[in-house]
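# Report on the structure
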Amino acid sequence: MFIKKVGWIIVALSLLLALAAAQDQSQDKSGTTVKHVPVKVTSAASGKEMYVSYCAVCHGTDGKGNGPAAGALKVPPTDLAALSKDNGGKFPSLKISAAIRGDANVVAHGTKDMPVWGKLFRDLSQGHEGEVQQRINNLTKYIESLQEK
Ligand code: HEC
């Protein structure tokens, strides 16, 4: 029990460090400060819970890119509700799951503003690759459900 507790604290700490490394502490002209908080433990089964906990701060609860931290980023967060519209009416599932995991071009040519979630999820799921995949699949499905008709 004690060991388990310490394990979670270490996981929380390493997630905090990973998130801090993924983004510079930044402040924009309007004075918005992005604070880094430990990543909350969520259920891999709920795309919505993960989205609200991890993504809405930048992308907004509706996915349109107007979350409270958006103003402090150098690059505006992608409008996730327009992904289908921008792709000829078809939701680009593979591209989006790759972008979340962090092995898509969005990271290679992008900025440091979009965190690399694959590594964070691997820590959160204690290395269980099946659960990491489940997190990414459920997040991708949740984003698909946000598409504007
Ligand atoms: C710290 C702010 C921030 C957080 C938190 C964040 N994002 Fe992003 N996201 C961005 C930014 C900025 C971009 C645009 C990057 C670029 O264009 O280089 C982006 C881009 C993306 C893209 C790329 C879309 C494309 O067309 O390739 C996807 C998908 C995405 N985010 C999903 C997510 C998901 C899912 C989460 C939560 C697990 C999340 N984001 C959390 C800032 C964030």
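Refer to the structure above for everything that follows.
Here the structure is a predicted model, which means the values were calculated and not measured. (Residues numbered from 1 in each chain as written. Predicted model: local features only at pLDDT ≥ 70, side-chain atom pairs only at ≥ 80, totals over all residues. Heavy atoms only, no water.)

## Observations concerning the nonpolar core
General note: in soluble globular proteins, nonpolar side chains tend to be found buried as a group. Formed by 21 residues in total, the largest nonpolar core has its most connected members in Tyr51, Tyr54, Ile100, Phe121, Leu139 and Ile143. Every element with two or more residues in this core is listed here: α2 (47–59), α3 (93–101), α5 (117–124) and α6 (129–145). Non-local contacts of isoleucine 143, meaning those with residues more than four positions away in its chain, are made with Tyr51, Leu80, Leu83, Phe91, Ile96 and Ile100. (Core = buried A, V, L, I, M, F, W, Y, C linked by side-chain atoms within 4.5 Å. Buried < 20%, exposed > 50% of the residue type's maximum accessible area, 1.4 Å probe, protein only. Helix = DSSP H or I, 4+ residues; strand = E, 2+ residues; numbered from the N terminus. Contact = heavy atoms within 4.5 Å.)

## Considering unusual backbone geometry
Residue glutamine 126 is not a glycine yet carries a positive backbone phi of 45°. Mapped onto the elements, glutamine 126 comes out in the loop between α5 and α6. Residue glutamine 126 is classed as exposed on the basis of its relative accessible area of 53%.

## Details of the packing of aromatic side chains
If you walk through the whole model with that rule in mind, you get four aromatic pairs. A centroid spacing of 5.4 Å and a plane angle of 45° characterise the contact between tyrosine 51 and tyrosine 142, whose relative ring orientation is tilted. Of the two residues, tyrosine 51 is situated in helix α2 and tyrosine 142 in helix α6; the sequence distance between them amounts to 91 residues. Taking relative accessible area as the criterion, tyrosine 51 reaches 0% and is therefore assigned buried. Look at tyrosine 142 and you get buried, because its relative accessible area is 17%. (Phe/Tyr/Trp six-rings, centres within 6.5 Å; stacked < 30°, edge-to-face > 60°.)

## Focus on α5
Owing to its 3.6 residues per turn, the α-helix brings residues three or four apart onto one side. Listed as buried for α5 are Trp117, Gly118, Leu120, Phe121 and Leu124. Along the axis of α5, the buried residues cluster in a sector spanning 165°; they form a single face. After α5 finishes, the residue glutamine 126 shows a positive phi value of roughly 45°. (Arc of directions from axis to C-beta.)

## So, the environment of leucine 146
Structurally, leucine 146 is set in the segment after α6. According to the relative accessible area criterion, leucine 146 is buried, its value standing at 17%. In this structure, the C-alpha to C-alpha distance between leucine 146 and alanine 81, residues 65 residues apart in sequence, is 5.4 Å. Dropping the residues within four chain positions of it, leucine 146 is found in contact with Tyr51, Thr61, Asp62, Gly63 and Ala81.

## Points about the site of the ligand
Contacts to the ligand come from 25 residues, most closely from Cys55, Cys58, His59, Lys95 and Met114. Interatomic distance of 2.8 Å between a side-chain N/O atom of histidine 59 and a nitrogen atom of the ligand. With respect to the ligand, the side chain of lysine 95 contributes an N or O atom lying 3.2 Å from an oxygen atom. Contributions of two or more residues to the shell around the ligand are made by α2, α3 and α6. For the shell around the ligand, the leading source of residues is α2, giving five residues. (Near = heavy atom within 4 Å. Polar contact = N/O pair within 3.5 Å; in protein donor to acceptor, adjacent residues only side chain to side chain.)

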